Amino acid sequence: MAIEMNQIWDFPIKEFHPFPKAKLGVGAHDMIGVEAKDLGMSRVLLMTTGLRGSGIIDELKGKIEYQGVDVVLFDEVESNPKDYNCMDAAARYQSEKCDGIISVGGGSSHDAAKGARMVIAHDGRNINEFEGFSKATNKENPRHIAVSTTAGTGSETSWAYVITDTSDMEHPHKWVAFDDTCLVDLAMDDPLLYYSCPEHFTAFCGFDVLAHCSEPYVSRLDFAPSLGNAKYAIELIRDHLRTAVYEPHNLEARTGMMHAQYIAAQAFNSGGLGLIHSLSHAFSAFYDSHHGLNNAIALPRVWEYNLPARYERFADIATLLGVNTTGMSTVQAADAAVEEAIRISKDVGIPDNFGQLNVNSYEKNQMNTGKYAGKGEGVDTSEEQIRAISEHMMGDWCTPGNPRTCTVESMIPMVRHAMVDSY
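Computed from a predicted model, the values in this text were never measured in an experiment.

Visitor: Tell me about the overall build of the chain, residues and numbers included.
Guide: Of regular secondary structure, the chain possesses 14 helices and 9 strands. Its C-alpha atoms give the chain a radius of gyration of 20 Å, near enough to 22 Å, the size a compact globule of 423 residues would have. For the C-alpha atoms alone, the extent of the chain along its principal axes is close to 65 × 50 × 45 Å. Classification of the 423 residues of the chain by burial places 57% in the buried group. Within the chain, contacts between residues separated by at least 24 positions form 79% of all contacts whose residues are at least 6 apart in sequence. Of the roughly 16,200 Å² of accessible surface on the chain, 49% is carried by carbon and sulfur atoms. Taken as two groups, the 34 positive and 57 negative side-chain charges of the chain have centres that lie 3 Å from each other.

Visitor: Quick rundown of the packing of aromatic side chains? Include the residues and the values.
Guide: As enumerated under the stated definition, the model contains 13 aromatic pairs in all. Centroid distance Phe-16 to Phe-223: 6.4 Å. Interplanar angle 40 degrees. Geometry classified as tilted. Of this pair, Phe-16 sits in the loop between α1 (2-8) and β1 (21-24) while Phe-223 sits in the loop between α6 (199-218) and α7 (224-246), placing them 207 residues apart in sequence. Relative to Tyr-362, the ring of Phe-201 has its centre 6.1 Å away and its plane inclined at 70 degrees; by these criteria the two rings are edge-to-face. Of this pair, Phe-201 sits in helix α6 while Tyr-362 is found in the loop between α12 (330-347) and α13 (383-394), placing the two residues 161 residues apart along the sequence. Note on accessibility: Phe-201 and Tyr-362 belong to one class, buried. Following the ring pairs from residue to residue traces out a cluster consisting of Phe-133, Trp-159, Phe-178 and Trp-397. Between the NZ or CZ atom of Arg-313 and the centre of the ring of Tyr-217, over which it lies, the distance is 4.9 Å. Seen from the ring of Tyr-305, Arg-404 lies directly overhead, with NZ or CZ sitting 3.9 Å from the centre.

The rules we used
Starting from 1, residues in each chain are numbered consecutively following that chain's sequence as written. Restriction of local features to residues with pLDDT of at least 70 applies here, the model being predicted, together with a cutoff of 80 or more for giving and counting side-chain atom pairs; totals for whole chains, interfaces and linings are based on all residues. Hydrogens and water molecules were not included; the side-chain quantities draw on all heavy atoms of the structure. Under the scheme used here, helices are H or I runs from DSSP no shorter than 4 residues and strands are E runs no shorter than 2 residues, and both carry numbers assigned from the N terminus. Computation of the radius of gyration draws on C-alpha atoms, with the globule rule given as 2.2 Å multiplied by the number of residues to the power 0.38. Categorising residues by exposure relies on relative accessible area from a 1.4 Å probe, with only protein chains included: less than 20% of the type maximum marks a residue as buried, more than 50% marks it as exposed, and the intermediate range marks it as partly exposed. Contact between two residues is taken to exist if any of their heavy atoms lie within 4.5 Å; hydrogens are not considered. Shrake-Rupley sampling with a 1.4 Å probe provides the accessible areas, and residues are treated as covered by the protein chains on show and by no other component. Charge assignment: positive for Lys and Arg, negative for Asp and Glu; neither His nor the chain ends contribute. Each charge is placed at NZ for Lys, CZ for Arg, CG for Asp and CD for Glu. Whether two aromatic rings pair depends on their centres lying within 6.5 Å, for rings of Phe, Tyr and Trp, where Trp uses its six-membered ring; planes under 30 degrees apart make the pair stacked, over 60 edge-to-face, and the rest tilted. Each ring is checked for a lysine NZ or an arginine CZ that lies within 6 Å of its centre and within 35 degrees of its normal; such an atom marks a charge sitting over the ring.

Structure representation (structure tokens):
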């Protein structure tokens, strides 16, 4: 009986978290003004990152205003949204007397909007007070429509948001919150809005999706309602990621990745995440690098670390990724999943390790800018930095879902490999 009790000790009761209403498909974004009006919005704060000049913001603004809804533009959200982005957006919302929020972009825009809503609902409390699970005490907050322009985030359909605490830049901290009150009122995913997403960002975001679906599939939670979505999302990535990266106007590929990112987020929404996200959060806390890129570098290392705890599930992943595992043992098939992930990362141009990243690694790179100015143009790969990242991972709210038990010491070799080694 002791063994049986030990098996259920971590998560004896598992929670299924709801999804918001969504409109998915070609032309969905044309309905943005109608939907805003139907939700009772009359003056919205339109939150976005670096999309000004792409044409997307002007187009959506016009569609919203055509329905008689005023638009206040807040385009100051940064990649890896910062605490002050949420606080500034909340202040703008209140000073402009808005009655709704529309976020346009990827996870940064959506997460910052969720954070701003928490601040508004709690009389201006600092957003950093909401780290962790279900910290909201006021269940009423501004209406929110999330329009995605990348196939990666899943934030538009999940109960999670991630914010960087910049209050102590000597000890940077990136945290995740899970709260049912942050769900959006409407998610809008239109593959036509992905056409302008650059090649490298399409690849980075695609690996974010692979992390979102693979982590709940091998999670310690082992939550049955999440497994089907996780498996199908992996198949969609297999079929569409490479094409979406190199044929950006391929509608079938963009639509496939739209569905992959949406259902992968629904898988982790209740099925949990793990060390891929913990490592990604830790690294960007120190360097403000792209979340999807961090996941891409972390993923094969974390899969390899977790193999002994989930050989059977990783063997399944190999098959889902298209590997012919006929004649392989379970262990060999699990190893093949890691090899296939490495193959995909090389096919879509993912750097070998974090140590290769610098301020010129990709477009719109924010490393060594803003509050991160002075960090240097590259990455510190010292043993001290490796330990600091490993320690940050231990405090991440995604870590408890990891299938293999973790300690700082057990993770240091994995983090070191991600920092300086290549496959």
